[in-house]
Amino acid sequence: MRKLLFSFSLLLFSVQLSASSILIPMDAESQKNHLKAYGITFWVLSKQQKVQWLLNYRGGSFLLPDGESVRKECQIRGVSFEILSDGQANAILDEISSPSVNQDAVILEKAPKIAVYSPKGNQPWDDAVTMALTYAEIPYVTIYDEEVLDDKLALYDWLHLHHEDFTGQYGKFYGAYRATPWYIESKKESEKLAKKLGYEKVSEEKRDVALKIRNYVIGGGFMFAMCSATDSFDIALAADGVDICEPMFDGDASDPNYQASLDFQKTFAFTNFTLERSYLKYEFSSIDMTQKRGNVPKESDYFSLMDFSAKWDPVPTMLCQNHTTLVKGFMGQTTAFDRSEIKPTVLVLGENKINEEARYIHGIKGKGFFTFYGGHDPEDYQHRVGDPKTELELHPTSPGYRLILNNVLFPAARKKKQKT
C-alpha cells in the first residue's frame, strides 16, 4: 500500500511539474463565471505575461502560462480552469492551426489602459460597461470633457463612451423630464462646465469633444460606445458647423432646413439619416429602431452573432467570441440601428433579421477602430430612469456582457492584417 501511495504521489508530482499552461474554458458547459474569466486574463496581462486567445475553441477560451498565483487567483474569483501539460497544450494549438477548422490562436501581449468617458458624478452601475469592468475586476480611469479637450486621450488604449448626448440636447429628455430636479440640475451642470471651458453653448462644447474623440480613433485608438452615445456621436460629427438645437436647449433657433446641411462623409458608421426635429420626442434620428420594433415581442427578442473566419478575419471573430450565437435583446434610448443607414464599410457583427436591424457593429477609422453596441443593459430588458442597478453576481455567464468584455481585450491582441 505504501508503494502504491508513493507511486501515485510521484505520478501526481510529475504531472504538476510537466504542467505548463492553464486553460480557461469559455464554453457554456465548463465555465461557471465567464465575466470574471476576462478579469483573470487581464490580470495575467498586467503581470507582463502573454496570453493566447483561442478563437472559436470552446467558446473563445484563454491559454495562460501556468503558475501557482494564477491558479489561486482563479479559485478566489470563482473562474473555472484546467491544468494542461506541454503535450496537451501543443495538441490543442495543433488542432486549432489546422486549415480545416475555423479556429485560430491570437496572442494577447499587453493589458490595455482603459478610460471611460462619463460625468464624474455617475456611479459604476449607471452604465453597463463600468458594471462589467467593476465586476470583472478590470481597472479603469474615468475622464470627461476637461480631459478630452486637454488632449489626455492619448494616455489610453481603449475608450468607452458612456450613454452621452453629443448633440447638446440633454439626452432629449425634455418632453418627459424637463420639470424633474435631476434634469434641471444636469442641464445646469452641463452649462456651467461649458462656460468654464470657454463655450457659450453646450452643443458647441460637445461637438469639439466629439471631434477630439474622432481624432483619437483616427490616430490609432479603440473606441467603444453603447446606447445613445452611438448615434448622437455620429450626428454631432455630421452637424459640425450646423445648429440643430431648438431654443430650449441652447437659447436660440436652429438653422433653417438643417437636415440638408448635414455632412455624412464626416460620420463613422451612419449615413443618409433623418434627424428628429421635435424637441418633445425621445429620439435623435431615424438611425435608431426603438420605435420601429412593433413586431419584436420581448419573449422572442434575440439577435444572432455573425460567423467570421478566425484565420482570415481575426478582428470581428474576436469581437464575437461567445458560448452562444444567439443573444437575448435589450432596449435603450438607442436600441438598434437601421441597416439601410449603415455605411457599407461597416461590419455588422450582430443582427435581428426579423426586424432588419443591426445590434452590434464595428468599423475602422484611420488607424483606429470603433464598435457600436445598441441598448442600455444586456441583463435589464427595458431599463428606465431610476431603475435599480443590475447585480452581475446573478448573471456571471451573460452572453450580452461578454461582447462588452471582448472589446476590452481587443487592443491587447497582436495585430494581424485582416485579409478580407
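We now turn to the structure provided with this report. All of these numbers come straight from a predicted model, not from anything done at the bench.

**Section: the side chain of Ser 398**
Within the secondary structure layout, Ser 398 lies in the loop between β15 (368-373) and α13 (399-409). In terms of polar contacts, Ser 398 uses its side chain to reach the side chain of Glu 379, at 2.7 Å. What Ser 398 contacts, discounting residues up to four positions off in sequence, is Leu 35, Pro 378 and Glu 379.

**What to know about the packing of helix α9 (residues 202-218) against helix α10 (residues 228-238)**
One way to put it is that α9 packs onto α10 with a least axis distance of 9 Å and a crossing angle of 100°. One element, α9, and the other, α10, form an angle in the roughly perpendicular class. Within the contact between the two elements, α9 uses Arg 207, Ala 210, Leu 211, Ile 213 and Arg 214 and α10 uses Phe 233, Ala 236 and Leu 237. A class-by-class count of the residues in the contact of α9 with α10 yields 6 nonpolar, no polar and 2 charged.

**Description of the pattern of salt bridges**
Enumeration over the complete set of coordinates arrives at 25 salt bridges. With a shortest N-O distance of 3.1 Å, Asp 243 and Lys 201 are connected by a salt bridge. Note that Asp 243 is positioned in the loop between α10 and α11 (247-250) and Lys 201 in the loop between α8 (181-196) and α9, a separation of 42 residues in sequence. Among the salt bridges present, the one from Arg 207 reaches Asp 208, with a minimum N-O distance of 3.0 Å. Within this structure, Lys 36, Glu 73, Arg 77 and Glu 137 form a network of salt bridges that share partners.

**Focus on the pairing of strand β10 (residues 302-305)**
Burial along β10 is one-sided: Phe 303 and Leu 305 are buried, and none of Tyr 302 and Ser 304, which face the opposite way, are. Of the strand pairs in this sheet, β10 and strand β13 (residues 347-352) are connected by 2 bridges, and their pairing is antiparallel. Opposite Ser 304, over in β13, you have Glu 351 as the bridge partner.

**Quick look at helix α3 (residues 68-77)**
When α3 is considered as a whole, its buried residues turn out to be Val 70, Arg 71, Glu 73, Cys 74 and Arg 77. Mapping the buried residues of α3 onto a view down its axis gives an arc of 165°, with all of them on the same face. The exposed set on the far side of α3, more than 90 degrees from its buried face, consists of Gln 75 and Ile 76. Directly beyond the C-terminal end of α3, a positive phi value near 75° is found at Gly 78.

**So, helix α5 (residues 128-136)**
Of all 9 residues that make up α5, 8 are buried, and the element is covered over most of its length. Every buried residue of α5 is listed here: Ala 128, Val 129, Thr 130, Met 131, Ala 132, Leu 133, Tyr 135 and Ala 136. Buried residues in α5 make contact with α2 (34-46), α3, β6 (114-117), β8 (158-161), β9 (222-226) and α13. Measuring from the backbone nitrogen of Val 129 back to the side-chain oxygen at the start of α5 gives 3.2 Å, which picks out Asp 127 as the cap. With its phi angle positive at about 65°, Glu 137 sits one or two positions after the end of α5.

**Focus: the nonpolar core**
Ranked by internal contacts, the top residues of the largest apolar core, which has 61 residues, are Ile 24, Phe 62, Leu 64, Leu 108, Met 226, Tyr 373 and Ile 404. Other than its neighbours up to four places away in sequence, Leu 64 contacts Ser 20, Ser 21, Ile 22, Ile 24, Ile 40, Thr 41, Val 44, Val 51 and Val 70.

**Some details on unusual backbone geometry**
What you tend to see is this: most non-glycine residues have negative phi, and most peptide bonds are trans. The phi torsion at Arg 58 lies on the positive side, around 50°, for a residue other than glycine. With respect to the secondary-structure elements, Arg 58 resides in the loop between β2 (51-55) and β3 (61-65). By relative accessible area, which is 25% here, Arg 58 ends up partly exposed. In this structure, Glu 137 is a non-glycine residue whose phi angle is positive, near 65°. Looking at the secondary structure, you find Glu 137 in the loop between α5 and β7 (141-143). The exposure class of Glu 137 is partly exposed, given its relative accessible area of 40%.

**Details of the side chain of Ser 286**
In this fold, Ser 286 is placed in the loop between α11 and β10. We classify Ser 286 as buried; its relative accessible area is 16%. Here the side chain of Ser 286 touches Glu 341 through a polar contact of 2.8 Å, side chain to side chain. If near-sequence neighbours (up to four positions away) are discounted, Ser 286 is found in contact with Phe 273, Thr 274, Lys 292, Asp 338 and Glu 341.

**Here's the deal with the environment of Phe 284**
On the secondary structure map, Phe 284 appears in the loop between α11 and β10. The spacing of Phe 284 and Tyr 177 is 107 residues in sequence and 16 Å in space, taken between C-alpha atoms.

**Considerations on the pairing of strand β5 (residues 104-108)**
Most of β5 sits out of view: 4 of its 5 residues are buried. Bridge analysis of β2 against β5 gives 5 bridges, and the strand direction is antiparallel. Counted as the bridge partner of Val 51 is Leu 108 from β5.

About the thresholds
Residues numbered from 1 in each chain as written. Predicted model: local features only at pLDDT ≥ 70, side-chain atom pairs only at ≥ 80, totals over all residues. Heavy atoms only, no water. Helix = DSSP H or I, 4+ residues; strand = E, 2+ residues; numbered from the N terminus. Polar contact = N/O pair within 3.5 Å; in protein donor to acceptor, adjacent residues only side chain to side chain. Contact = heavy atoms within 4.5 Å. Axes fitted to C-alpha atoms, helices over the stretch in contact; angles between N-to-C directions. Parallel < 35°, antiparallel > 145°, perpendicular 65-115°, else oblique. Nonpolar A, V, L, I, M, F, W, Y, C, P; charged D, E, K, R; others polar. Salt bridge = Lys/Arg side-chain N within 4 Å of Asp/Glu carboxyl O. Buried < 20%, exposed > 50% of the residue type's maximum accessible area, 1.4 Å probe, protein only. Pairing = 2+ DSSP bridges. Arc of directions from axis to C-beta. Core = buried A, V, L, I, M, F, W, Y, C linked by side-chain atoms within 4.5 Å.

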